[in-house]
Amino acid sequence: MAAPPPLTLKRSYRSVSSLQQFYSGGPFAVSSDGASLACACGEEIKIVNTSDASVLASLDGDSESVTAFAFSPDGCFLFSAGHSRLVRVWDLSSRKCVRSWKGHDGPVMSMACHSSGGLLATGGADRKVCVWDVDGGFCTHFFKGHQGIVTCIKFHSDPNQLLLFSGSDDASVRVWNLESKKCVAVLEKHFSPVTSLALSEDGQILLSAGRDKVVNKWDLHNYSFNMTIPTYEMVETVCIIRPGNCLSALLEPSGRRKPSSSAPVYFLTVGERGIVRIWSSEGAVCLYEQQSSDVTLVSNEDDMRRGFLSAVVLPSDLGLLCVTADQQFLFYCPMKSAEGMFQLNLYKRLVGYNEEILDMKFLGDDEQYVAVATNLEQVRVYDVASMSCAYVLVGHTDIVVCIDTCISTYGRTMLVTGSKDNSVRLWDVESRHCIGIGRGHMGAVGAVAFSKKSKNFLVSGSSDRTIKVWSFEGVSEDGDQEIALKAKAVVAAHDKDINSLAVSPNDSLVCSGSEDHTACIWRLPDLVSVTVLKGHKRGIWSVEFSPVDQCVMTSSGDRTIKIWAVSDGSCLKTFEGHTSSVLRASFLSRGTQFVSCGGDGLIKLWTIKTSECIATYDQHEGKIWALAVGKKTEMLVTGGTDALINFWHDSTAADKQEAFLREEEAILRAQELENAVTDADYTRAIQLAFELRRPHKLFNLFSHLCRRRDVEDPIEKALGGLGKEEIHVLLEYVREWNTKPKLCHVAQAVLFRMFRIFPPTDIMEVKGVSELLEGLIPYSQRHFSRIDRFVRSIFLLDYVLARMSVVDPEETILPRNGERPLASENGVADEQDASQSNIQVDDISCKDDTGKSSTCTEMDGMTSLKKRKSSKSKKGSAKKINPEEKILPSNGEQHPLASENGVADEQDASQSNNIQVDDISCKDDTGKSSTCDEMDGMTSLKKRKSSKSKKGSAKKVKLTKHKNNSTISVEA
């Protein structure tokens, strides 16, 4: 025996396909190529792919239900109307409503589009017929005449014949001429509402069908009545079979038609009987009739809810589409039987609405099909690949609640179902017949389970609180005859309803879970009690034996999952995580993992050894009642109250490979980013940093570029190509940088460039921009307030220099670039001229005690100087200030305030000029000069008035720095 493959724990599952509700009954439309359907689903419009029943698009209509549909001839537009009285035009490429207008005074009940695509005809419950210009949205024709609701409407098949036909529930058909805008004929031969109209290819014959169980044939040359064809059923749809269609190719008569006679018209009818019949207008002969209906006729007194509701002849070789009353789309293709007879073969069944999913199980070893129990009397079997309902098992008289499957000892796939009709049915999947039925329960059968080893018995549990063991050894292998199953053992197991059953892998035990909060283990085949599992606080919804260990798992309404030892009934582990009742739980990975689903709509993947939930999936909008696990592939299928069936595949290996590829791609992109920085391609570097989501690298790039003085700003060039999503990400980064004082300068620089590049309208379109701006504004205001305080504090330097008589704004203009200062003739500067001049000090020679000049470092920031008053100099600590020598602070010291009278004149100081110091030449004591670097900031100096004029035309300022006492002597 070959060794099993190594065990790999599952890390993730992925929903690869789903079967959802797309048709809730009512109107539908087929595209011109037959590839898609437009279906009414509540208040929405679903565009469905006919190949696999996948929903291509969902169009959100208004709050009212849809009553009529029509495709444009090219399939690019869809027209819809509903109880809201609005006619809407949908662009199927963009899936948006491009035009709408109010159509009628009541709901639009029928709709048809002209072959040119430019005209749309609508018939409403207000008894009116309107023709609309599609591009303009205005009414071109308005017809009155019907005495009832307009039920069907149709344009003439010849585009040159501007005729419109309408049928009503007043049992009449009216012909409207679009050129004369008048009713040219009224065709009255029906005695009940007209349900369908059909035109021959040459446009000379009109067929009308009604619920009076007849089809009338009309000659359009003179609008005369030709014949009545009795159908003996209420006809919902009549369709002309055009020459060249796959249906007509198999209907060519052999020697029936006379050479001189005209070609007969072939047509088909569908109605309440749920069968397709094909007729010939020559002699009103029925050429073909289905022997049995593929429609499950519900037991309803209302005959209108039974059988077919509509039929459409599909283009090319797609065959025939019929729609049933229980929201099913049946696709037929014509073929010749072995005897050479014409017959219709059902090759696809799309179910538009599954209602509530109660239970599901995979069929066969290849797991190609899945059996689904819904709120119906039938069991639907779906093909996993095509999402088509392969067949339906019919036999129960009430809702099927539970199902289970197995492969018998003779290799046939078998299915057992339990229903609310108190019976258990055994089905042969290959023959699709019921081969056994077990009766004896006094209540609804809520749980069934096959034996796992011998596969010759099954167990059922009911709301009558009993468990029965049924043997099907006498069932014939051919599966053609239904026999009665015999109960081998019966036991009153619980005090309340039994919800779940499970048989052990060796067929020696059976476990039952009940609403009485307990699970019981029984020995087979006599149903002797082994142990009772007590510990749950609510009813138990599912039980399952481990495939490798002697333990059993239970899930309960108390939101917990427990694993119990079979030997003594002790609880080994308890798992908590669901927020509602845990309805299903099944083992995975040879008993090392399990998956659970509950009333919260969540699916959770657990590892038993670590007792942790490693993955949670939310794909359902309601309770998940059904969970099926494939034995070979361990594929999952889930379904619940939302009528949605999801198929899950193990994506552990795929996710690991994708993570490896993402990591490899990230490394390559990171290297590309470093190469761009090295090559000084900052635009590309910024783009890569955005793509890689590296805010720290992005900040370093912005910080480096903010210090550069390039003609072309690479930041603006990089930001110009950002989309709205990237702008949102950048604003998040800027908001984070702006909260830190060390990073705020770069954040403000980037923000300034963003507001300069993008207009406000584009920024306001960014999703969530209001929240981002709310986080930016308070910190930006704080930063600007701090800078404003710095600017105001630097005025202290101006004040100190003025009070020390270093600069006299009224008399002295310092030279620039070696020029002599300017002075007035009388030594007094004109105040008006002084107030209009900007004095810039370029070079000031500073020396220390040695006469050696020193170089000052560049000042990047603005120095904040605080003021203080000094009324009296302190002895021993203050230095004597000569008229020719003033004390200035050294680097890092605070400037003192000095004036002749000890009081600062704030008014005079506020009127001083702005003097910018560009370059200061400093000398030390040795007389050697050094050049100071250019100061980036602007030093604001204000002038003050001098009460006494000073003699002399100009003053030469000499600043000498003393190294020992850190003072500067000023000579005037």
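First things first, this report covers the structure right here in the doc. Bear in mind that the values here come from a model prediction, so they are computed numbers and not experimental data. (Residues numbered from 1 in each chain as written. Predicted model: local features only at pLDDT ≥ 70, side-chain atom pairs only at ≥ 80, totals over all residues. Heavy atoms only, no water.)

Describing the pattern of salt bridges
In the structure shown here, the tally under the stated rule is 21 salt bridges. A salt bridge links Asp105 to Lys128; the shortest N-O distance between them is 2.9 Å. A residue pair is termed long-range when its members are at least 10 positions apart, and Asp105 in the loop between β9 (96–102) and β10 (108–113) and Lys128 in strand β12 (residues 128–133) qualify at 23 residues. Between Arg425 and Glu482 there is a salt bridge whose closest N-O contact spans 3.8 Å. Linking Arg425 in strand β36 (residues 423–428) with Glu482 in the loop between β40 (466–471) and β41 (483–484), this pair joins segments that are 57 residues apart in sequence. When salt bridges that share partners are traced, they join Glu665, Arg669, Glu672, Arg684 and Glu691 into one network. (Salt bridge = Lys/Arg side-chain N within 4 Å of Asp/Glu carboxyl O. Helix = DSSP H or I, 4+ residues; strand = E, 2+ residues; numbered from the N terminus.)

A short note on unusual backbone geometry
A cis amide bond links Leu524 to the next residue, Pro525, at an omega of 5 degrees. One non-glycine residue, Arg465, adopts positive backbone phi at about 75 degrees. You can see Arg465 is positioned in the loop between β39 (457–462) and β40. Non-glycine residue Arg590 carries a positive phi angle of around 55 degrees.

Structural notes on the side chain of Asn738
Within the element layout of this structure, Asn738 appears in helix α6 (residues 724–738). A relative accessible area of 0% means that Asn738 is categorised as buried. One polar contact links Asn738 to Gln748, side chain to side chain, over a distance of 2.9 Å. Sequence-distant contacts of Asn738, that is, excluding residues within four places in its chain, are made with Cys744, Ala747, Gln748, Leu776, Tyr779, Ser780 and His783. (Buried < 20%, exposed > 50% of the residue type's maximum accessible area, 1.4 Å probe, protein only. Polar contact = N/O pair within 3.5 Å; in protein donor to acceptor, adjacent residues only side chain to side chain. Contact = heavy atoms within 4.5 Å.)

Examining the packing of helix α7 (residues 744–757) against helix α9 (residues 769–793)
Relative to each other, α7 and α9 sit at 115 degrees, their axes nearing to 12 Å. Considered as vectors, α7 and α9 are oriented roughly perpendicular to each other. For the pair α7 and α9, the crossing hand works out as left-handed. Touching Cys744, Gln748 and Leu751 of α7 are Leu776, Ser780, His783, Phe784 and Arg786, all from α9. In terms of residue class, the contact of α7 with α9 is made up of four nonpolar, three polar and one charged. (Axes fitted to C-alpha atoms, helices over the stretch in contact; angles between N-to-C directions. Parallel < 35°, antiparallel > 145°, perpendicular 65-115°, else oblique. Left-handed = near helix turned anticlockwise from the far one by under 90°. Nonpolar A, V, L, I, M, F, W, Y, C, P; charged D, E, K, R; others polar.)

Examining the environment of Thr228
Mapped onto the secondary structure, Thr228 falls in strand β21 (residues 224–230). For Thr228, the contacting residues outside a window of four places in its chain are Val214, Val215 and Asn216. A distance of 2.9 Å separates polar atoms of two side chains, one belonging to Thr228 and the other to Asn216.

Considerations on a nonpolar patch on the surface
Together, Phe784, Ile787 and Val791 make up a nonpolar patch on the protein surface, roughly 250 Å² of accessible area in all. Within the fold, Ile787 resides in helix α9. (Patch = residues over 30% accessible without salt bridge, like charges linked within 9 Å, V, L, I, M, F, W, Y side chains within 5 Å. Areas by Shrake-Rupley, 256 points an atom, 1.4 Å probe, with all protein chains shown as cover.)

A look at the nonpolar core
The biggest cluster of nonpolar side chains holds 37 residues, and the ones touching the most others in it are Leu698, Phe702, Leu719 and Leu730. Put simply, the parts of the chain that give this core at least two residues each are α2 (652–678), α3 (682–692), α4 (695–706), α5 (714–719), α6, α7 and α9. If sequence neighbours within four positions are ignored, Leu719 has contacts with Phe690, Phe702, Leu730, Val750, Arg753, Met754, Ile757 and Phe758. Counting residues in hydrophobic clusters, the runner-up holds 32 residues, among them Tyr23, Phe28, Val30 and Phe362. (Core = buried A, V, L, I, M, F, W, Y, C linked by side-chain atoms within 4.5 Å.)

Quick look at the packing of aromatic side chains
Taken as a whole, this structure holds 18 aromatic pairs when the rule is applied. Geometrically, the ring pair formed by Phe594 and Trp606 is stacked, given 5.8 Å between the ring centres and 10 degrees between the ring planes. Here Phe594, found in strand β52 (residues 593–598), pairs with Trp606, found in strand β53 (residues 602–607); they are 12 residues apart in sequence, far enough to count as distant. Across the pair, exposure class does not vary: Phe594 and Trp606 are buried alike. A centroid spacing of 5.4 Å and a plane angle of 45 degrees characterise the contact between Tyr617 and Trp648, whose relative ring orientation is tilted. Note that Tyr617 is positioned in strand β54 (residues 612–618) and Trp648 in strand β57 (residues 645–650), a separation of 31 residues in sequence. Across the pair, exposure class does not vary: Tyr617 and Trp648 are buried alike. Aromatic ring contacts, followed pair by pair, group Phe22, Tyr23, Phe28 and Phe329 into a single cluster. (Phe/Tyr/Trp six-rings, centres within 6.5 Å; stacked < 30°, edge-to-face > 60°.)

Read these as layout, nothing more, since geometry by itself doesn't imply function.
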